[in-house]
Every structure is written in structure tokens, then in C-alpha cells.
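# Chain and residue survey
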Amino acid sequence: MSDTILSIKIDVDTDRGTRIGVPNLLDLFDEFNIKATFLFSLGPDNTGRAIKRIFRPGFLSKVSRTSVVSTYGIRTLLNGVLLPGPHVGRRNEAVMRLARAKGHEVGIHCYDHIRWQDGLARMDRNEVYEEFGKARKEFERIFSEPARTAGSAGWQANSFSLEAYDTAHLLYASDARGTHPFFPRVGGVVYKTPQFPTTLPTLDELLGRPEYAEDRIVAHYLALMAPDKLNVLTVHAEVEGMKKIGLFRSLLEQVRERGIPVKRLDDLADNFLKNPSSIPLCDLVSGTVDGRSGTLAVQA
């Protein structure tokens, strides 16, 4: 068995991704005997409102590289604009429960994905608590227990959202991009919910770029994984669970061939938290990531 350990976190952004992508991934994980961490969007799917991002640097180049229409579908891109946004939790609670029943970790991605990803920075404390409170309430309705983890839509975080996590007594969170687990510090305040960041690039950050030809992406991922460090891959139900499931399968085949174990993030968090003093403090700042538009939470 390899000394390298991989954790796979699935961000589920849309109604379509929940209905189609999640069942596809559950079947794939069954085939490879993998347990992963699913983070669900739990409220209205207003994906169409993301049109406002056309003014964000890098957004149009990402759209052209990743074929947004074929990835998300016309219906999804009209949600919240020309069509009412379907309520993801109420429409898909059975498949969400199925993920847990199959032994996967489940947690909160957000309530309204677009509102959180595009609006968190402008929300006041009460608005943040209200929005995250809606997600917590819907999670508890579906799973009959409180959420133990959350991973923010669009890797967005600030002092208000971290405070809300602490109030919810989460085991850990995964909001940031970084290299290793850490207790986040913002504005001189240290928050008690540790961050287990995404350490590997996402597939949509690589696709369509000449330096990352699709037939070499699996090898690129394998080269980035290393022993004695955190290896967290965030995949999307709408990408790896649908249009690019074949490419994702190829990666999992190589992971299995090399004997790399895949563990749920909460299992890693439990292990690290046996010795909390081993987890360092790091500033959580706003930064950029190669291949992704806009700013996001980054481990300093």
C-alpha cells in the first residue's frame, strides 16, 4: 500500500448535479470501494444568476474552456432567471440520504449556491448566520442529525462565516485552498473550527488549457500527490459525475493500481484532532488560484 493518502470531496452545486451526477458517482465509488465526502447545496438552484460573473476577470476564458452549456445544461442555466430555481433539498432528499447510507460522509455546501458564492463578502453578520442557518435546518430535516462539516460554495469564507461554523460546533470545515490543515485566523482572531483545504487543482481549472492536455491530466494529478502531506481533491457532481466521468474513472483506476488509499475527510480530521496542538495557526486571506476566476479563501 502507498504512503500517499487521498481524500475526495464532492461539491454538489445544482439540482441537475444532485439528480444525475451524484447517483453516477455513487455507482462509481461502489465499483472502486471508495468512501468520499459529499457536500450538498440544500436550497434553491439559482445557477442562472451567475451571468453576473461575466464582468469578473478570467470568467469568460473559463467558460470557453469548460463548455458551460454542455456541462450544466440549458435548463440549469435558466434557473433563477427565466425559470424559478428548484429547491434542491426538497427535490433530492432521497439521493442525499442514499449517499450517507452507502457509507459516505455528508455535509453542507451551502443553501443558495449563487447567493453564498457571489454575495458572502457583502453580507453582514446577521445575514451570514441566517443563510447558514437555513442550510443547517434543511440538512437536519433531511438527515435527522446536525451537520458535522461544511465546505463553502466557491471557496468563500470570512470572519462571519467562520464564526457561524464555530457556533454550529462543526468538527472541521473545508473552505480554503492550501497545503495542510490549519486553524484559521482572520483579523487577528483565531477560530476553533479547523480547515482541511483543497490541495489539488480542480478538473475545471485544468481543462481546455494547452499545458494540461486531457490525455495527460491523470498523470499530472498523480505527480502532484505526495506522501506525508494532505492530498484533497475537490470534484464536482456536474463535471466528474457527468460529462467527465470517464476521465475521473481513469484517475481512480490509476489510484487503485498504485495502492493509494482514499479516505473520508472526517476520518482524517478525527485523526488530526487527536492532537490539536499539531495543527498550526494560519491566516486565511483572499487570493487567487491559477485557472479559477475571482478571489477565494486561501491559506496564507
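Scroll up for the structure.
Everything in this summary refers to the structure shown in the same document. What you are looking at is a predicted structure, and each value in this text was computed from that prediction instead of being measured.

Rules behind the numbers
- Residues numbered from 1 in each chain as written.
- Predicted model: local features only at pLDDT ≥ 70, side-chain atom pairs only at ≥ 80, totals over all residues.
- Heavy atoms only, no water.
- Pairing = 2+ DSSP bridges.
- Helix = DSSP H or I, 4+ residues; strand = E, 2+ residues; numbered from the N terminus.
- Buried < 20%, exposed > 50% of the residue type's maximum accessible area, 1.4 Å probe, protein only.
- Salt bridge = Lys/Arg side-chain N within 4 Å of Asp/Glu carboxyl O.

## Quick word on the pairing of strand S9 (residues 281-287)
Pairing of strand S6 (residues 183-186) with S9, which is carried by three bridges, proceeds in the parallel orientation. Following the sheet pairing, Arg185 is matched in S9 by Asp283. Here four bridges tie S9 to strand S10 (residues 296-299), and the two strands are oriented antiparallel to one another. In the sheet register, Val285 faces S10, and the bridge partner there is Val298.

## Digging into unusual backbone geometry
Positive phi, close to 60 degrees, is recorded for His169, a residue that is not glycine. Even without being glycine, Asp228 reaches a positive phi, approximately 60 degrees. Checked against the element boundaries, Asp228 lands in the loop between helix H10 (217-224) and strand S8 (232-236). Take Asp228: its relative accessible area is 78%, and that puts it in the exposed class.

## Focus: the pattern of salt bridges
If you walk through the whole model with that rule in mind, you get 20 salt bridges. With a closest N to O distance of 2.9 Å, Arg141 and Glu93 form a salt bridge. Of this pair, Arg141 sits in helix H7 (residues 125-143) while Glu93 is found in helix H5 (residues 88-101), placing the two residues 48 residues apart along the sequence. For Arg141, a relative accessible area of 38% translates into the label partly exposed. Among the ionic contacts, a cluster of salt bridges with common partners joins Glu93, Arg97, Glu138 and Arg141.

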